Amino acid sequence: MKLIVAVIKPSRLDQVREALTEIGIEGMTASEVKGYGRQKGHKEIYRGSEYTVNFVPKVKIEIAVADELAERAMQAIRDAAGTGQIGDGKIFVLPMEAAVRIRTGESGNNAL
């Protein structure tokens, strides 16, 4: 099993959810987060004054998938979240040792 963590633009969340649903992934956790990467934030003008936004609003999604779905899930996220612009985000894939469905006690891939 793999845990896929992706940090994406908030405007792309619905497209990513739809893309993951199309390949059979039924659950995800999404959190509003702030951060910066290579772009180091950006400048905005508010009421005539320019100021620097150091932490850019993003959405972090987390999905647990079976090993055989990991590549397809990463590609679906990349295709749906990508705009070709700076700040599209990142995808991280981590090994996941265990998963347990609390309600039934199912474990492993059955818990996903």
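Scroll up to find the structure this text is about.
Just so we're clear, the structure is a prediction, and the values are computed from it rather than from any experiment. (Residues numbered from 1 in each chain as written. Predicted model: local features only at pLDDT ≥ 70, side-chain atom pairs only at ≥ 80, totals over all residues. Heavy atoms only, no water.)

Brief notes about the sheet that holds strand β2 (residues 29-35)
Consideration 1: Pairing in this open sheet of 4 strands is antiparallel, and the strands run β2-β5-β1-β6 from one edge to the other. Where the open sheet ends on each side, the last strands, each with one partner, are β2 and β6 (89-95). The mean angle between the axes of side-by-side strands here comes to 20 degrees, regardless of whether they run parallel or antiparallel.
Consideration 2: Where β2 and strand β5 (residues 56-65) come together, 7 bridges link them in antiparallel fashion. (Pairing = 2+ DSSP bridges. Helix = DSSP H or I, 4+ residues; strand = E, 2+ residues; numbered from the N terminus. Axes fitted to C-alpha atoms, helices over the stretch in contact; angles between N-to-C directions.)

Details of the packing of aromatic side chains
Consideration 1: A complete count under the given rule lists 1 aromatic pair for this structure.
Consideration 2: Aromatic pair Y36 and F55: ring centres 5.5 Å apart, planes at 70 degrees, arrangement edge-to-face. With Y36 in the loop between β2 and β3 (42-46) and F55 in the loop between β4 (49-53) and β5, the pair connects residues that are 19 residues apart, well separated along the chain.
Consideration 3: With a relative accessible area of 51%, Y36 lands in the exposed category. (Phe/Tyr/Trp six-rings, centres within 6.5 Å; stacked < 30°, edge-to-face > 60°. Buried < 20%, exposed > 50% of the residue type's maximum accessible area, 1.4 Å probe, protein only.)

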